[in-house]
Amino acid sequence: MSARLGIAVPVFNERAWILPTLEALRDQDDTDFDVVFVDNNSADGSAAFIEKTAAAWGMDRWRVIHEAQKGTGAAADTGLRACIDAGATILGRTDADCLPRQDWTAALRRCLAPVEEGGLGLGLVGGSLLPRRDEGLSKATIGALVGAVAVAEAFGQVRPGNRSAQYQGPYMMAAGCNVGITSELYLAAGGFARTRIEDLHEDRALVNAVRRLTPNYARRRDVVVFGSSRRVKAWGLAKTLRWYRDHSYRPNHVDIRDPESDRAINLAERREDQGGLELAQRRDRAVMKAAHPVAFPLLDALPGRFTRLPKVGTFVKDPALLREVFLDQTRFAKTGPGSPSDLWTPILGPDVLINMDGPEHAALRRKIGPLFTPASVSAIVEDSLAATTAALRERLASGERVDLVEHAKHAASVVIARLVGVSTDVVGDDFFRQAARVTGYVSLTRRGLTERQQADARSVMDSLRATAADAYRADGDTVPARLRRLGLSEEDATGVVAVLIVTGTETLVSFLPRMSALLIDSGWLPRLADDQASADAAINETLRVTAPTPVTLRRVAADTSLGGKRLRAGERVVLGTYWATSPFAPFNPSAAAGDLKRLWFGAGAHFCLGAPLAMTQAHLLLGALAAVPELRIVEREAARSVLIPAYARLIVQRRGGEDRG
């Protein structure tokens, strides 16, 4: 849709309370809108706080203007006319103590945009106003408020002042904190009355002015704002209802805010520090939910350290128990019925680490381990990605829009091509689609693959083996050639290469954009620009929160116990790596991961050999991003119904870049 949306928010002494409103506006699904905050003579630094927060979040379509004439009507009118002057064709208003629901701007656009642009073509919309649930009101009071709103709306329809032949449609209640209107109709109706809050309900006056002009308005229950109940807490329910009934209750001091409240200001400052971190973690959880829309909410809701799930296995989400399982190959195996080998062996063959246990696994790991030490991997990765990383830094610095998912795919392709001696064309976009198709066959409830699935997956793997075979036979410093010199057969060597490409690339393409989003969303990235020494801690923390491999499987090899619970031989243990690490503590890039450090890579004999590869690439990307710390995310889309949770698209741009898209 091309209709431009502008939002006005009157503000008076809201420094201590406005942060949740700012977060609600920032978190909207439809982010293509402008916001004008109208400071109405605040004495508590509200305007400066909004400007500081907008700058930190990269919200360059937010601005603060000032209105000297006291009153919500005057402030709202000034704000909406400023939106119109800036080109807005549809308008919305909320208040500085309200929380628009996440789909609020999308709902406003849907209601007000012209029919030819896919909208409903309404001139005015009044939305639903529900009490906020974070202000400590009892359920009884909340229920009474909801009922009072319904009664007030019914009364308004029979009220004599709202019934007249001059009106072209019935009365509709449209609370000023949740109203939308087209710019054309707003100007024709004369806008909000420029009055003080004590003198007139400006929202009712605007609705009646619109009713004189057109019947094209509607009450929409899908346009939702959660309103503050501060008046109820300050005055009580009965007096508040009298206030809204023509101000029949009017205290000496109408304003219920205390601009001198140091306690409230300090609370707001603490919330400011945590707000970005909490937002970042919530958005990353949305990536998990998109990948597993059914399984994630179900597993997330399970109580306790572990739970037996029919047809799935025993789900474990305690970090100590995970570590115990990882470290004990005797009791918990990767091979046998119900183990990961049932899924991977038909595709990859029997000897590729990912589906091995025991002495054979240890022997193969000893042979290939030297190929993946931090020193050897870092040198190859840094040399391979020097040009790619420099180009990324230049593109970001120039203000270009960059899709970090595409960058991660390209970077992973370059490194893998260098390691295994194949062309980057082999592991380009087409390969990633094929690899996702292979891993897409794997699920928690599936014990094995069908013949058709096995054949399809093997066709992908066979093409990768074929490209690595030439490198195996040739002299060189590639992984296949070095594996040949270590005594591995061509079949075993090319199998290792196939696993490296599939698991290494897809996991990196998941983690690198998610790491970037967490650090940008949290506002942490600029701190890393001045303190590169903290980069390793930041990477470890983002790995903890994302857990790129969210679930790992093991089979109970013999009757045993785990955490005081008996497990029978043959049972399947589902290790919820994400649940064992991410909820352990709130996201904080300055905190040490402690015992959870790199647990997502496994532990003991099965600690991932590719960990140094992932860490090196993460450091390179983080260095490029931190060199342009004023980055913002301009577009994002989570990949849906995939095994490894990831972004399908994550487009970033330097603040102030020319093209917003």
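Residues numbered from 1 in each chain as written. Predicted model: local features only at pLDDT ≥ 70, side-chain atom pairs only at ≥ 80, totals over all residues. Heavy atoms only, no water.

Student: When you look at the overall build of the protein in this model, what are you seeing that I'm missing?
Tutor: On a plain count of helices and strands, the protein comes out with 24 helices and 18 strands. Across the 661 residues in the protein, those meeting the buried criterion constitute 56%. Sequence-distant contacts, at least 24 apart, represent 75% of the contacts inside the protein between residues at least 6 apart. As displayed, the protein has an accessible area near 27,400 Å², and 53% of this comes from carbon and sulfur atoms. (Helix = DSSP H or I, 4+ residues; strand = E, 2+ residues; numbered from the N terminus. Buried < 20%, exposed > 50% of the residue type's maximum accessible area, 1.4 Å probe, protein only. Contact = heavy atoms within 4.5 Å. Areas by Shrake-Rupley, 256 points an atom, 1.4 Å probe, with all protein chains shown as cover.)

Student: Looking at this structure, how should I read the pattern of salt bridges?
Tutor: Pairing between side chains of opposite charge can happen when the charged atoms of each approach one another. All told, the structure shown has 29 salt bridges when counted by the stated rule. Put simply, Asp30 and Arg109 hold a salt bridge, and the shortest N to O gap is 2.6 Å. Highlighted residues: Asp30 in the loop between α1 (19–26) and β2 (33–39) and Arg109 in helix α4 (residues 104–112), separated in sequence by 79 residues. The exposure class of Arg109 is buried, given its relative accessible area of 6%. Residues participating in the shared-partner salt-bridge network are Arg26, Asp27, Arg282, Arg283, Asp521 and Arg636. (Salt bridge = Lys/Arg side-chain N within 4 Å of Asp/Glu carboxyl O.)

Student: I keep staring at the pairing of strand β18 (residues 647–654) and nothing clicks. Help me out?
Tutor: Working note: regular strand, side chains alternate between the two faces of the sheet. Across two bridges, strand β12 (residues 402–403) lies against β18 in antiparallel orientation. The partner of Asp403 across the bridge, within β18, is Ile651. (Pairing = 2+ DSSP bridges.)

Student: For this particular structure, what's the right way to read the packing of helix α22 (residues 535–546) against helix α24 (residues 611–626)?
Tutor: How two helices pack is summed up by the angle between their axes together with the distance between the axes. Close contact between α22 and α24 brings their axes to 10 Å; oriented N to C, the two are set at 115°. The chirality of how α22 crosses α24 is right-handed. Listed contacts from α24 to Ala535, Asp536, Ile539, Asn540 and Leu543 of α22 are Met615, Ala618, His619 and Leu622. Along the lines of polarity and charge, the residues of the contact of α22 with α24 split into six nonpolar, two polar and one charged. (Axes fitted to C-alpha atoms, helices over the stretch in contact; angles between N-to-C directions. Left-handed = near helix turned anticlockwise from the far one by under 90°. Nonpolar A, V, L, I, M, F, W, Y, C, P; charged D, E, K, R; others polar.)

Student: Looking at this structure, how should I read the packing of helix α15 (residues 374–397) against helix α16 (residues 404–420)?
Tutor: Following both chains from N to C, one finds α15 and α16 inclined at 150°, their axes separated by 9 Å at the closest point. With respect to α16, the element α15 is oriented roughly antiparallel. As α15 packs across α16, the resulting crossing turns out to be right-handed. Only Leu404, His407, His410, Ala411, Val414, Val415, Arg418 and Leu419 of α16 make contact with α15, whose side of the interface consists of Ile380, Val381, Asp383, Ser384, Leu385, Thr388 and Leu392. For the contact of α15 with α16, a count of residues per class yields nine nonpolar, four polar and two charged. (Parallel < 35°, antiparallel > 145°, perpendicular 65-115°, else oblique.)

Student: Can you walk me through the sheet that holds β12 in this structure?
Tutor: Within a sheet, adjacent strands bond to each other through the backbone by hydrogen bonds, running parallel or antiparallel. Taken in spatial order, the three strands line up as β12-β18-β17 in an open sheet, and their pairing is antiparallel. Because the sheet does not close on itself, it has two edges, and the strands there are β12 and β17 (631–638). Pairing analysis gives seven bridges linking β17 to β18, with the strands arranged antiparallel. When the bridges of β18 are listed, Ile633 appears paired with Val652. Where α16 meets the sheet, it contacts β12 and β18, and its direction lies at approximately 110° from that of β18.

Student: What should I look at first to understand unusual backbone geometry in this one?
Tutor: If a residue is not glycine, its phi is most likely negative; likewise, a peptide bond is most likely trans. Of note, Asn41 is a non-glycine position whose phi angle comes to about 70°, a positive value. Relative to the elements of secondary structure, Asn41 occurs in the loop between β2 and α2 (46–57). Judged by relative accessible area, which is 40%, Asn41 ranks as partly exposed. The backbone of Ser641 shows a phi angle near 55°, a positive value even though the residue is not glycine. Among the secondary structure elements, Ser641 is positioned in the loop between β17 and β18.

Student: How do you make sense of the side chain of Thr307 when you look at a structure like this?
Tutor: Turning to its location among the elements, Thr307 is positioned in strand β9 (residues 306–309). Polar side-chain contacts of Thr307 include one of 3.5 Å to the backbone oxygen of Pro303. When near neighbours in sequence (up to four residues on either side) are disregarded, Thr307 contacts Leu302, Gly313, Thr314 and Phe315. (Polar contact = N/O pair within 3.5 Å; in protein donor to acceptor, adjacent residues only side chain to side chain.)

Student: Got a minute to help me understand the sheet that holds β9 in this structure?
Tutor: Reading across from one edge, β9-β10-β16-β13-β11 is the order of the five strands in this open sheet, with mixed pairing throughout. Pairing within the sheet leaves two strands with one partner each, and these edge strands are β9 and β11 (332–333). As paired elements, β9 and strand β10 (residues 313–316) share four bridges and run antiparallel to each other. Among the inter-strand pairings, Thr307 is bridged to a residue of β10, identified as Phe315.

Student: Any chance you could explain the nonpolar core here in plain terms?
Tutor: Within soluble globular proteins, side chains that are nonpolar generally end up buried alongside one another. Judged by nonpolar contacts, the single largest core of 44 residues is most densely connected at Leu396, Leu512, Met515, Leu519, Ile539 and Leu622. Top element by residues in this core is helix α20 (residues 490–521). It accounts for nine residues. Not counting residues within four places of it along the chain, the set of residues in contact with Met515 comprises Ile539, Thr542, Ala618, Leu621 and Leu622. Grouped together as the second largest cluster of nonpolar side chains are 34 residues, Val35, Ala107, Cys111 and Leu122 included. (Core = buried A, V, L, I, M, F, W, Y, C linked by side-chain atoms within 4.5 Å.)

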